[in-house]
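If you want the building blocks of each chain, they are given just below.
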Amino acid sequence: MREIVTIQVGGFANFIGSHFWNFQDELLGLAGDPNGDPIFKNQHLDMDVLYRTGETLQGIATYTPRLVSVNFQGSLGSMSSHGTLYDHNPPVPSHVVTWPGNVSTHLSEPHKKNLFLQSLYEEEQENLAPMDGINSGKNDCESEIQDKDIVESLENGVQFWTDFSKVHYHPQSLYELNGLWMDAQDFNNYGIGMDVFSEGLRGEEMNERLRFFVEECDHIQGIQFVVDDSGGFSSVAADFLENIADEYTNTPILLYTVRGPESYMNRRSRRQTMASDLHDAISFSRLSSFCKLIVPIGLPLLGRSKVSSYLCLEDEKPYHCSAVYAAALHSISLPFRMETLGPAMDSCYVSGAVDVYGLIQMLAGQARQNIVATLDAVMPAPSLTGKQVEQSLLGSLHPFTPEIAEDVEDLQEVESLTIHGAFGSGGYRASVSEVEDTVHAAYENATTKPLFSHLSVAHCPLPIPLPFPSIFGNLVGQHGELLGSPVMGGRPSRGSLDVHSIPMAARLRSTTAILPFLENRLGNLQRFGIARGASGTELLRSWGFAKDELEDTAERLSKMIMTLDPHSQSSSDSD
Amino acid sequence: MSLRVLNPNAEVLNKSAALHMNINAAKGLQDVLKTNLGPKGTIKMLVGGAGDIKLTKDGNTLLKEMQIQNPTAIMIARTAVAQDDTSGDGTTSTVLFIGELMKQSERYIDEGMHPRVLVDGFEIAKRATLQFLEKFKTPVVMGDEPDKEILKMVARTTLRTKLYEAMADQLTDIVVNAVLCIRKPEEGIDLFMVEIMHMRHKFDVDTRLVEGLVLDHGSRHPDMKRRAENCYILTSNVSLEYDKSEINAGFFYSSAEQREAMVAAERRQVDERVKKIIELKNKVCSGNDNNFVVINQKGIDPPSLDLLARAGIIALRRAKRRNMERLVLACGGEAVNSVDDLTPDCLGWAGLVYEHILGEEKYTFVENVKNPHSCTILIKGPNDHTIAQIKDAVRDGLRSVKNTMEDESVVLGAGAFEVAARQYLVNEVKKTVQGRAQLGVEAFADALLVVPKTLAENSGLDTQDVIIALTGEHDRGNVVGLNQHTGEPIDPHMEGIFDNYSVKRQIINSGFVKLIALNLGPPLVYILGSFGSTKS
C-alpha cells in the first residue's frame, strides 16, 4: 500500500478540501450501504491510501483522512480544532485545577450549527442509541423533508468550509495559525505572510503535525499539497514546502495552487493590480521551486467559462466554485489508489493505476523537464458516442488553469487523462475496456495528438453527497447523463437531491499552452519589479525582496519558459 | 474578544484627538491584562465559538487570543509580544507600563504641556532608571556550579504566578534541573535541548523530569520488544526504505521482467544498509545480554523492519529532526548519515528503553542514560487545555532559569525594584533636570508604580495604603516589596522573590521606544502608514 498525505493551506484550499473529503466519505458510505447503487460496491479503490485507521482512548476504531489543514484562527466555524471523534472537548469546567485564585471566563458567541450539521449530529446520536425498527422508518420520511431545507440553507448560508463538511477529522489534522485572525487585516499578498510560518512555534507545530501522519506510513507515495495562492498563504506554504522538501527529500510533492474567482475581484486600482501581479509572479516562482509538479488552478470567471456549460455557478460563492475544482482533483487522484492485481492484468473496474511519483515522472521527468502542468476537466463528462468522441469527450475538456493559450500545437505534449463513470452510446455505463478503446480510437483519428498519453479509467462515477451545492444545470440527469431537453418543472439549478452521481473526466497536461501564464509572470516581474525605476520596487522591498533575489526569481521563470520554448530567450531579453 | 474597533480608513485626526485615541487604546489593553499580574491574579478561561477551551494567565498568550483592531493597541501588543520573544516574560508588565505612561502623559498634556518636552523627560528618566538597575541588581556568580537556590527562587517566582503553589514548587525543581542538565561550559544555553512532551493523565502532579528522552512514537513491528534493558542506541539519518526515485533511469520499462529486475536491484541496496546495521549489532551484542535500538530520522519500510526485528533490533522511524541532536546529547555516540563506516563508537547507551501505549498514541522512553546533556519534561494533565497551560508555564520557568544564568544577576521582586527606582527618580534625578522636563521624569517615576499598584489591587488591598507604606520604607533605606497576603512590606530577599534582570531591562527599554512615536502625537494616518512599510 502506498500512502498519500494531503496538506491544505489557506481559505479556498480548505473549501476545495472539504468537498474532496466529502466525496471520499460518500464513496466509503456507499460502498458499505446494503441498499446503495451496486456500482459503488466494487470501486476497487484503496481508501487506505488517503485514510488512516486509529483508535480513541476509549478503544473505538476510527478512520480519518491523512490530512494537515492550515488556516486562520477562527476559520473552523462551529467545528472544534480537535475534531469530533476523540472527545477532546470537555464541557466548560466550573473551576480550574491549576489555579486556586480567581477565574474569569470569556465566552465567545458560540457558532450555531446550521441545519446540515444539526442533522449530522442527530443522525450520529441515533446511531449510538439502539435502533428501533418502527421509529427509524418514520425518521426516514421526516429526513426526506429536511433534506430540502438542508440544501437550501447551505445554498444561502455557507460561511466556513466546515459548514458543509460531513467528515470526521483527526485531532492532529486541523491547525489554526494562532494569533492570525480571519479578516483581521488584508492578508492578500506574499509579503504579509512572510513571517507567519517562523513566528513563535507555528512552523515547528506544523512540521510535527505532518510528521505524525508520515511516521505512520509504511511507504508513502507522495504528498498532495493544495494551497490558496491568492494571498499571504503563499508564503506560509512556501516556507512549509521548503521544510518538507528538506525533511522528506525523496517524497514527491504534487502541488495544486488554487484560488477562487473572488480573489480576482479586488483589483480595482492600478496599485492593487500591480501588487497582485507582483504577488502572482513571486508566489508562483517560490512555490514551484519546492515541488516536483505544480498545477495552477482557478479561473477568474469560472461561472462564465466553458467549464460551466452544464453548470450554474455563482462566482462569488466559494462553496460553489470549490466544488468544481474538488471534483477535478478527485478524478486526478483516482489512479493513485486503484487496486492493481498485477502489472499486466487490469480489472474490469479500474485500469491505468499510477502512483504520484509515476505521474510526476511522466509529466515532468521526460525529455522536457517542465514542472508546470495544466488541468483540464469536464463536468459532467459526455457519453462516449462512437466516432464523435474526439469532439464530444476530448473536445469538451476545458482548462481550469488560467492564462493559457488555446489551440496550440505542441508536438511534445504529454498528458495523463482520467475518465470515470462514463456512459456508452446507449445510455448504459461503459465498461473500462470500452472507454479505453474509444479514447484510443479517438486519438488515432485526431489531427493533433500528444506525444504521450496515459489513460486511467474507473467504472465508478463521482458520487454527489448531500452537502454538494446545487450547481447542475437542468440538462443534467440523475446519473449525470446529459439530457436532450431540460428537465420540466424543476428549478434552473439542480443539486444533490436530483443528481446522485456524475461521470467525470480530467487530465493533467504538460504543454506549451502554459507559456502565456509563465510569460505574464516574468513580464510583470520585470516591468514592475526589476526594470529601472520600476514602480513596484518599493513594495517588493517592503515584502523583503532585494534586487538580486528578484533577478534570481526572474531567471528561474525564464528558465521555465526556456524548457518549453527554446527560442524565447531573445524576446525576453529585449523586454 | 475585540477591543475598540477603529476604521483604518478614518480621516486624518487632529493631533489632540489622535493622542486621546492612542491613550484610550492603551488603557483598554491595560484593563484587559491588568488582572493577570502576580500570584494573586485572575486566570482567564477563553471559550471559543466551537467550544475549544484555552486557559491562560500569561499576557503573551492572551494577546494572541485577542482579535485586536485598534492600530495603537496592535502596536502596543506587538511591542509586548516582542518582549516575550526576546526575554520570555514581562508581556503583561510591558503593557501595563506603556498604558500607565500614556495615562500620566494625558494628565500633563491636558494641562498644556508639550509632548516633546514630556518625552525629553522620559528619555532622561529612562536612562537614569537603566543606570539605577545596574546598581540595584543582585549579582549572581555562575561558576562551574551555579547557585541552585537562587535559580530555584527565580523559577519559583515565575511559576507561582501561573500555577498553584504545590505544583509550582514541584515544577521549580524540574525546570532548574532541566536547565542544569543541558548546560554546557562555555556555550549558550539551548532550551530546545529540553524536550517537552505531554500525556493525558488524570493527575497533573505526575509531571516529571525524564533524564533521557521521550519520543512520541514507537516501533512499527509486532515482533520488536516493548521493553529492553542495557541498550546500545544508534542515532541515524539513513533511508531504510525502497525508494523509486533513486533510480535515475526513466520510469517506463519495456517489460515486466525488466521492471522486476530494477525493483529487485533497488531493494538489494536497502537490504545492504540494513545488513550493515545488523552486523554492528552482532559485533557489540555477541556474548552479552545487551540490546540494540535504532532511532532513524528517515523512513524504515516493512521489509527492513522485518530484517531488523529478526535480528532482535528495536527500530523507530521518522524521529524528529531535533531528537537526533537530543539523543546524542542524552545517550552519547554520534548521529550517522550513512551506514558505510559504522563503528561501535557511533553508539550511544541507555539503561532502559520501553514503550508506553495510550490509545493510538505511543511513547518510547529512553532512560537511565549516563551523564545526559538533554532531558525531557513530561507533562501530564487531565485534558488538553490544562496540559497547554502547564506547558506555557514550564516554558516561562525554563526561560527564567536560562535568563538568570546568562544575566549572572537577578532583581528583587514583589514590586521592590519599581518602588526603589521611583524613589531614586523623584528624590535624586528630578532635581538635576532643568525646567519642565522635570515633570516628564516625575510622570515616568509614577508610571513605574503601576506594578506594585496592580499587585496590590489584584490582592484586594488598598493601593494607596500600600504605596505609602512601601515608599516610606524605601525612604528609610529599606528595600522592600509587597506581601500579597497582608499588604505589609516584606524583604523580597528573605522571601526568595526574584525577577529576571534582562526582563526588567527590556521592559524599560521597549516600552519607552514605541511610546515616543505615539506620544509625539503624529496624525494617526502616519502611524498606519509606517506600519506596512517598516517590517523589522
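Residues numbered from 1 in each chain as written. Chains lettered and ligands numbered in written order. Predicted model: local features only at pLDDT ≥ 70, side-chain atom pairs only at ≥ 80, totals over all residues. Heavy atoms only, no water.

J.: I would appreciate a short explanation of the overall build of chain B in the present structure.
T.: If you tally the helices and strands in chain B, you get 18 helices and 17 strands. Here chain B holds 536 residues, and 58% of them are scored as buried. Taking contacts inside chain B between residues at least 6 apart in sequence as the whole, the part at least 24 apart equals 75%. When the accessible surface of chain B is summed, it comes to about 21,700 Å², and 49% of that surface belongs to carbon and sulfur atoms. (Helix = DSSP H or I, 4+ residues; strand = E, 2+ residues; numbered from the N terminus. Buried < 20%, exposed > 50% of the residue type's maximum accessible area, 1.4 Å probe, protein only. Contact = heavy atoms within 4.5 Å. Areas by Shrake-Rupley, 256 points an atom, 1.4 Å probe, with all protein chains shown as cover.)

J.: Before we go on, may I ask you to explain the packing of aromatic side chains in this structure?
T.: Note on aromatic pairs: each is described by the distance of the centres and the angle between the planes. All names here are of chain A. Taken as a whole, this structure holds 26 aromatic pairs over all chains when the rule is applied. Each ring, one from Phe20 and one from Trp21, has its centre 5.1 Å from the other, and the planes form 90°; the classification is edge-to-face. The class of Phe20 is buried, set by a relative accessible area of 3%. Classification of Trp21 as buried rests on a relative accessible area of 0%. The interplanar angle of 20° and the centroid separation of 4.9 Å between the aromatic rings of Tyr51 and Tyr63 together place this pair among those described as stacked. In this pair, Tyr51 is assigned in strand β2 (residues 51-55) and Tyr63 in strand β3 (residues 61-65), connecting sequence segments 12 residues apart. With a relative accessible area of 2%, Tyr51 lands in the buried category. Residue classification places Tyr63 among the partly exposed residues on the basis of a relative accessible area of 28%. Cluster of aromatic residues (ring-pair linked, three or more members): Phe20, Trp21, Tyr51 and Tyr63. Positioned above the aromatic ring of Phe517 is the side chain of Arg521, whose terminal nitrogen or guanidinium carbon lies 3.6 Å from the ring centre. (Phe/Tyr/Trp six-rings, centres within 6.5 Å; stacked < 30°, edge-to-face > 60°. Lys NZ or Arg CZ within 6 Å of the ring centre and 35° of its normal.)

J.: Looking at this model, I keep getting lost on the pairing of strand β14 (residues 409-412) of chain B. Mind explaining?
T.: A regular strand places its side chains so that they alternate between the two faces of the sheet. Residue and element names in this part refer to chain B. Sheet topology places strand β3 (residues 138-139) next to β14; 2 bridges connect them, and they run antiparallel. Its bridge partner lying in β14, Pro139 is registered against Ser409. Sheet topology places β14 next to strand β17 (residues 498-500); 3 bridges connect them, and they run antiparallel. Bridge pairing in β17 places Leu412 opposite Phe498. (Pairing = 2+ DSSP bridges.)

J.: Looking at this model, I keep getting lost on the domain arrangement of chain A. Mind explaining?
T.: Frequently, the measure chosen for interface size is the accessible area that the parts lose on association. All names here are of chain A. Split into domains, chain A comes out as domain 1 (4-82 + 156-510) and domain 2 (516-564). When each unit is reduced to the centre of its C-alpha atoms, the spacing between domain 1 and domain 2 is 29 Å. Taken residue by residue, the interface counts 28 residues in domain 1 and 22 residues in domain 2. Summing both partners gives a buried area of about 2,200 Å² for domain 1 against domain 2, and 73% of it is carried by carbon and sulfur. For Glu403, the salt bridge identified is with Arg521, shortest N-O distance 3.1 Å. It is helix α6 (residues 270-288) that contributes the most residues to the side of domain 1 that touches domain 2, 13 residues altogether. (Domains from an automatic or database assignment. Buried area = accessible area lost by both parts, 1.4 Å probe. Salt bridge = Lys/Arg side-chain N within 4 Å of Asp/Glu carboxyl O.)

J.: Help me understand the environment of Arg368 of chain A in this model?
T.: All names here are of chain A. Structurally, the position occupied by Arg368 is in the loop between α8 (356-364) and β11 (374-378). Using a relative accessible area of 8% as the deciding quantity, one classes Arg368 as buried. Side-chain polar atoms of Arg368 contact the side chain of Asp410, separated by 3.0 Å. Of the polar contacts made by the side chain of Arg368, one reaches the backbone oxygen of Gln412; its length is 3.5 Å. (Polar contact = N/O pair within 3.5 Å; in protein donor to acceptor, adjacent residues only side chain to side chain.)

J.: Honestly, the interface of chain B and chain A in this entry has me stumped. Any pointers?
T.: Contacts between the two partners involve 67 residues from chain B and, on the opposite side, 73 residues from chain A. Taking both sides of the interface into account, the surface hidden between chain B and chain A amounts to around 5,600 Å²; carbon and sulfur atoms contribute 50%. For the chain B face of the interface with chain A, the top three residues by lost area are Met45, Arg318 and Glu360 of chain B, together amounting to 13%. Between the two partners, chain B and chain A, sit 8 salt bridges. The salt bridge involving Glu215 of chain A is made with Arg220 of chain B; its shortest N-O contact spans 2.7 Å. Secondary-structure elements contributing two or more residues to the side of chain B that touches chain A are β1 (43-47), β2 (53-56), α2 (59-65), α10 (321-331), α11 (384-407) and α18 (524-533) of chain B. Considering each element in turn, the side of chain B that touches chain A owes the most residues, 6 residues, to α11 of chain B. The residue inventory of the side of chain B that touches chain A, partitioned by class, reads 22 nonpolar, 18 polar and 27 charged. (Nonpolar A, V, L, I, M, F, W, Y, C, P; charged D, E, K, R; others polar.)

J.: For this particular structure, what's the right way to read the sheet that holds strand β5 (residues 103-107) of chain A?
T.: Strand-to-strand pairing in sheets goes through backbone hydrogen bonds, with the strands running parallel or antiparallel. Pairing in this open sheet of 3 strands is mixed, and the strands run β5(A)-β1(B)-β2(B) from one edge to the other. Every other strand in the sheet has two partners, leaving β5 of chain A together with β2 of chain B as the edge strands with one partner each. Taken pair by pair, the neighbouring strands of this sheet meet at an average axis angle of 20°, ignoring direction. Where β1 of chain B meets β2 of chain B, 4 bridges bridge the pair, whose relative direction is antiparallel. Across the sheet, the residue bridging to Leu46 of chain B is Lys54 of chain B, located in β2 of chain B. (Axes fitted to C-alpha atoms, helices over the stretch in contact; angles between N-to-C directions.)

J.: In this structure, what is going on with the pairing of β11 of chain A? I would like to understand it.
T.: Residues and elements named next belong to chain A. For β11, a buried count of 5 out of 5 residues is recorded, marking the element as mostly surrounded by other parts of the structure. Side chains Thr374, Asp376 and Val378 of β11 all project onto a buried face; the interleaved residues Leu375 and Ala377 project onto the opposite face, where all are buried too. Pairing analysis gives 2 bridges linking β11 to strand β12 (residues 398-399), with the strands arranged antiparallel. By the bridge assignment for β12, Ala377 is matched with His398.

J.: How should the sheet that holds strand β8 (residues 253-258) of chain A be read in this particular structure?
T.: All names here are of chain A. Ordered in space as β6-β4-β1-β7-β8-β9, the 6 strands form an open sheet in which the pairing is parallel. Because the sheet does not close on itself, it has two edges, and the strands there are β6 (174-181) and β9 (293-297). Neighbouring strand axes in the sheet, compared pairwise and without regard to direction, differ in orientation by 15° on average. Where strand β7 (residues 220-228) and β8 come together, 6 bridges link them in parallel fashion. From the neighbouring strand, Phe225 faces β8, where its bridge partner is Leu255. With respect to the sheet, helix α5 (residues 233-247) is in contact with β1 (3-9), β4 (67-73), β6, β7 and β8, its orientation differing from that of β7 by roughly 165°.

J.: Where do I start with the nonpolar core in this structure?
T.: One recurring pattern in soluble globular proteins is that nonpolar side chains are buried together. All names here are of chain B. Ranked by internal contacts, the top residues of the largest apolar core, which has 73 residues, are Val175, Ile377, Val394, Leu398, Leu425 and Phe444. With 10 residues, the single largest contributor to this core is helix α7 (residues 165-182). Residues within four places of Val175 in sequence aside, it is in contact with Ala155, Leu159, Ile377, Val394, Gly397, Leu398 and Val401. (Core = buried A, V, L, I, M, F, W, Y, C linked by side-chain atoms within 4.5 Å.)

J.: Which parts of the structure should I look at to understand the pattern of salt bridges?
T.: If charged atoms from side chains of opposite charge come close, those side chains can pair. Enumeration according to the criterion identifies 55 salt bridges over all chains in this entry. In this structure, Arg2 of chain A and Asp355 of chain A form a salt bridge, with 3.3 Å as the shortest nitrogen-oxygen distance. With a gap of 353 residues between them, Arg2 of chain A in the segment before β1 and Asp355 of chain A in the loop between β10 (350-351) and α8 connect regions that are remote in the sequence. Overall, Asp355 of chain A belongs to the buried group, its relative accessible area being 12%. Between Lys317 of chain A and Glu155 of chain A there is a salt bridge, and its shortest N-O distance comes to 3.6 Å. Of this pair, Lys317 of chain A sits in the loop between β9 and α7 (318-333) while Glu155 of chain A is found in helix α3 (residues 133-157), placing the two residues 162 residues apart along the sequence. Glu155 of chain A sits in the buried class, given a relative accessible area of 14%. Through salt bridges that share partners, Glu208 and Arg211 of chain A together with Glu195, Asp216, Lys320 and Arg326 of chain B make up one connected network.

J.: In this structure, what is going on with a negative patch on the surface? I would like to understand it.
T.: Side chains of Asp548, Glu549, Glu551, Asp552 and Glu555 of chain A sit close together on the surface and give a patch of like negative charge. As for its position among the elements, Glu555 of chain A is in helix α13 (residues 547-564). (Patch = residues over 30% accessible without salt bridge, like charges linked within 9 Å, V, L, I, M, F, W, Y side chains within 5 Å. Lys, Arg positive; Asp, Glu negative; His and termini not counted. Charge placed at Lys NZ, Arg CZ, Asp CG, Glu CD.)

J.: Honestly, the confidence of the model for chain A in this entry has me stumped. Any pointers?
T.: The predicted coordinates of low-pLDDT regions are not to be read in fine detail. Residue and element names in this part refer to chain A. Residues of chain A with pLDDT of at least 70 account for 91%, and the chain-wide mean is 85. This stretch, residues 131-141, has a pLDDT under 50; its non-local contacts, to residues over four places away or in other chains, come to 3 contacts. In the predicted structure, residues 570-575 sits below a pLDDT of 50 and forms 3 contacts with residues beyond four places in sequence or in another chain. (pLDDT = per-residue confidence, 0-100.)

J.: Help me out: how do you make sense of the packing of helix α5 (residues 115-136) of chain B against helix α13 (residues 437-448) of chain B in this one?
T.: Relative orientation and spacing of two packed helices are given, respectively, by the angle between their axes and the distance between those axes. All names here are of chain B. Put simply, α5 and α13 touch, their axes get as near as 7 Å, and they point 55° apart. In terms of their interaxial angle, α5 and α13 are classed as oblique. In the packing of α5 onto α13, the handedness of the crossing is right-handed. Together, Val117, Leu118, Gly121, Phe122, Ile124, Ala125, Lys126 and Thr129 of α5 and Ala437, Leu439, Gly440, Val441, Ala443, Phe444 and Leu448 of α13 make up the contact between the two elements. (Parallel < 35°, antiparallel > 145°, perpendicular 65-115°, else oblique. Left-handed = near helix turned anticlockwise from the far one by under 90°.)

J.: Explain the confidence of the model for chain B to me, please; I cannot follow it from the model alone.
T.: Residues and elements named next belong to chain B. When the pLDDT values of chain B are averaged, the result is 81; 88% of them are 70 or greater. Long-range and interchain partners of residues 245-251, a stretch whose pLDDT sits below 50, account for 15 contacts in this model, where long-range means more than four residues apart. Overall, residues 522-536 carries pLDDT values under 50, and its contacts beyond four positions in sequence, including any with other chains, amount to 28 contacts. Prediction confidence for the complex, expressed as pTM and ipTM, is 0.89 and 0.86 respectively.

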